[in-house]
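Coordinates in review
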Number of protein chains: 2
Amino acid sequence: MDEIDYRILSKLEENARTTVSEMSRAIAMSQPAVTERLRKLEENGVITGYHAKLSPEKLGKHTTAFVLFKTNRCKDFEAFGETSPEIVDLYRTSGEYNYLLKVVTETSESLARFLESINAFGFSSTLIVLTTKFEDKSLADGMEPSASAKPSQRILRGL
Amino acid sequence: MDEIDYRILSKLEENARTTVSEMSRAIAMSQPAVTERLRKLEENGVITGYHAKLSPEKLGKHTTAFVLFKTNRCKDFEAFGETSPEIVDLYRTSGEYNYLLKVVTETSESLARFLESINAFGFSSTLIVLTTKFEDKSLADGMEPSASAKPSQRILRGL
DNA sequence: TGTGAAACTGCATCGTC
DNA sequence: GACGATGCAGTTTCACA
């Protein structure tokens, strides 16, 4: 994990469809060398996937909310979460509530129906998203090989 | 926005580096036709970007938290948020708190330092993420052209 | 909108250092 | 680890329906 790796990661965070040749030009390194580095970054699990980001609005989903949730039926609730298309993110958390959900629905009415459906499992507290200032800020940008790359050497060997 | 568009979107949500030829094979449609649909989905803002997803752990970032935040210095706080590498997501929300932050840091100590730094702007309540059950569930999957594609016709014309 | 054909570009793979 | 060469795969562009 040197500076070149961070530059590759940064490029792909910004645009996952960047071609290997484009990166090899930007980096001034041969195409096979970039391909090989990329292969290792994927193999080592540094890159976990490449995903298109869609506009919920353009898909008719106008309401986003975060739901703090408290339940003692964790297994049941997690199984429900897996199958619920409204829940896009699900986190186990510390604190008074034990789950945090990001929920994306068509309207505030469909959010209300969703909240009623989870009331069967426990108690919820809902924060409606008014505006998203930003999302998914780069993790690779501003990473210095000297600072956090040395620990990652250990990590990449599976420790 | 017909069923073919949803299949394209679904493929790219799952793997943003899927080639046009792969999609054209899966869909049984010519390559230029898929390219043209893709161009329009991007132009209309249905697809907002393609991003590599990185493992915070593998980059030495072992602590993730959601922070509920209350401030009356909104402009100042948002400007701070833009420049803060720890804040990966920033939402304006309804409720007692007016912001929700997703924060990714190296350790719980660096999280503590971060929380001290934002105390200058207002009050926070922190939920530490113990485990991420899932993130970024598909928005396009299970979308029926009959249901939400008709509204999106209006949306795509800019209404 | 969609198609097929052709020119162009990018990628995988190899042997070499 | 990185490089250059090469053959195959993917993309772009076009005339046409």
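Predicted model only: the values in this text are computed from it and were never measured.

What follows concerns the protein's contact with DNA strand D. By nearness alone, 13 residues border DNA strand D, and S30 and R37 of chain A together with V20, S21 and Q31 of chain B come closest of all. Considering the 4 Å shell around the protein, atoms of DNA strand D inside it are sugar or phosphate in 68% of instances. Within the side chain of S30 of chain A, a nitrogen or oxygen atom sits 2.7 Å from a phosphate oxygen of DNA strand D. Put simply, the parts of the chain that give the surface near DNA strand D at least two residues each are α3 (31-43) of chain A together with α2 (20-27) and α3 (31-43) of chain B. Looking at the surface near DNA strand D, the element that brings in the most residues is α3 of chain A, giving four residues. Across the surface near DNA strand D, the residue classes break down as five nonpolar, five polar and three charged.

The next thing to look at is the interface of chain B and chain A. Contacts between the two partners involve 68 residues from chain B, matched on the other side by 67 residues from chain A. For the pair chain B and chain A, the summed buried surface comes to about 6100 Å²; carbon and sulfur atoms form 61% of the total. Sorting the residues of chain B by area buried against chain A places R17, K58 and L139 of chain B first, and these three jointly supply 12% of that buried surface. One can count two salt bridges joining chain B with chain A. Viewed at the interface, chain A and chain B are joined by 49 residue pairs in polar contact (both at pLDDT 80 or more).

Overall, antiparallel pairing links the eight strands, which are arranged β2(A)-β4(A)-β3(A)-β5(B)-β2(B)-β4(B)-β3(B)-β5(A) in a closed barrel. Here the average twist between neighbouring strands, direction ignored, is 35°.

Summarizing the sequence annotation, UniProt attributes the feature "domain: HTH asnC-type" (unreviewed entry) to residues 1-62 of chain A in the numbering used throughout. This span, residues 1-62 of chain A, is 53% helix and 13% strand, and a straight line between its end C-alpha atoms measures 40 Å.

The tally for this structure, following the rule as stated, stands at 23 salt bridges over all chains. Across the pair R37 of chain A and D2 of chain A runs a salt bridge, and its minimum N-O distance is 2.8 Å. With R37 of chain A in helix α3 and D2 of chain A in the segment before α1 (3-14), the pair connects residues that are 35 residues apart, well separated along the chain. Between E135 of chain B and K53 of chain B there is a salt bridge, with its nearest N and O atoms 3.4 Å apart. Pair noted here: E135 of chain B is in the loop between β5 (122-134) and α6 (145-156) and K53 of chain B is in strand β1 (residues 47-54), with a separation of 82 residues, a long-range link. We classify K53 of chain B as partly exposed; its relative accessible area is 24%. Linked by salt bridges that have partners in common, E36, R39, K40 and E43 of chain A make up one network.

Ranked by size, the top nonpolar core spans 46 residues in total, and within it L9 and L59 of chain A together with L9 and L59 of chain B carry the most contacts. At the level of elements, α1, α2 (20-27), α3 and β1 (47-54) of chain A together with α1 (3-14), α2, α3 and β1 of chain B are the ones that each hand at least two residues to this core.

In this section: the protein's contact with DNA strand C. In the neighbourhood of DNA strand C, 13 residues make up the surrounding shell, with S21 and Q31 of chain A together with S30, R37 and K40 of chain B lying closest. Among the secondary structure elements, those contributing two or more residues to the surface near DNA strand C are α2 and α3 of chain A together with α3 of chain B. With four residues, α3 of chain B is the single largest residue contributor to the surface near DNA strand C. Residue composition of the surface near DNA strand C, grouped by class: five nonpolar, five polar and three charged.

Residues and elements named next belong to chain A. Scanning all chains against the criterion turns up 11 aromatic pairs over all chains. For the ring pair F69 and F77, a centre distance of 4.5 Å and an interplane angle of 25° mean the geometry is stacked. In this structure F69 comes out as buried when scored by relative accessible area, which is 0%. Judged by relative accessible area, F77 falls into the buried class, the value being 0%. Aromatic pair F77 and F121: ring centres 5.8 Å apart, planes at 65°, arrangement edge-to-face. Taken together, the residues F77 in helix α4 (residues 74-83) and F121 in the loop between α5 (108-118) and β5 (122-134) connect sequence positions 44 residues apart. Put simply, the rings of F69, F77, F80, Y99 and F121 touch in pairs and so form one group of aromatic residues.

This part is about the relation of the copies chain B and chain A. For these two chains of identical sequence, chain B goes onto chain A by a turn of 180° and a shift of 0.0 Å along the axis, with RMSD 0.1 Å. Overall, the copies show the geometry of a two-fold rotation axis. A shared binding surface is used by both copies, with 99% of the interface residues of chain B retained as interface residues in chain A.

Residue and element names in this part refer to chain B. Along strand β2 (residues 63-71), eight of the nine residues are buried, which leaves the element largely enclosed by surrounding structure. Sheet topology note: the β2/strand β4 (residues 99-105) ladder contains seven bridges and is antiparallel. Along β4, the bridge assignment pairs A65 with V103.

Analysis parameters
By convention here, each chain's residues receive numbers from 1 onward along its written sequence. Chains carry letters and ligands carry numbers; both start at the beginning, A for chains and 1 for ligands, and go up in the order they are written. Predicted model: local features are reported for residues with pLDDT of at least 70 only, side-chain atom pairs are reported and counted for 80 or more only, and whole-chain, interface and lining totals are derived from all residues. Hydrogens and water are ignored here; the side-chain numbers use all heavy atoms of the structure. We define proximity as follows: a residue is near a molecule or strand when any one of its heavy atoms falls within 4 Å of that partner. Whenever two N or O atoms come within 3.5 Å, that pair is a polar contact, provided that in protein one can donate a hydrogen and the other can accept it, and provided that, for residues adjacent in sequence, both atoms are side-chain atoms. Under the DSSP-based scheme used, a helix requires at least four consecutive residues in state H or I and a strand at least two consecutive residues in state E, with every element numbered from the N terminus. Classes in brief: Ala, Val, Leu, Ile, Met, Phe, Trp, Tyr, Cys and Pro nonpolar; Asp, Glu, Lys and Arg charged; the others, Gly included, polar. In this description, contact between two residues means that some pair of their heavy atoms is separated by no more than 4.5 Å. Here the buried area means the combined drop in accessible surface, using a 1.4 Å probe, for two parts upon being joined, counting both sides. A side-chain nitrogen of Lys or Arg and a carboxyl oxygen of Asp or Glu constitute a salt bridge if their distance falls within 4 Å. By this definition, two strands are paired if DSSP reports at least two bridges between them. Structural elements are reduced to axes, namely lines fitted to C-alpha atoms, with helices fitted over the stretch in contact, and the angle between N-to-C directions of any two is expressed from 0 to 180 degrees. UniProt positions are given in the numbering used here, feature names are shortened, and annotations may be inferred rather than shown by experiment. Each residue gets one of three labels from its accessible area relative to the maximum for its type: buried under 20%, exposed over 50%, partly exposed in between, using a 1.4 Å probe on protein chains only. Throughout this description, the term nonpolar core refers to a set of buried Ala, Val, Leu, Ile, Met, Phe, Trp, Tyr and Cys residues connected via side-chain atoms within 4.5 Å. Only Phe, Tyr and Trp rings take part, Trp by its six-membered ring, and two of them pair if their centres are within 6.5 Å. Stacked means planes under 30 degrees apart, edge-to-face means over 60, and tilted covers everything else. For this overlay, a least-squares fit was computed on C-alpha atoms, restricted to residues scoring pLDDT of at least 70 in both copies.

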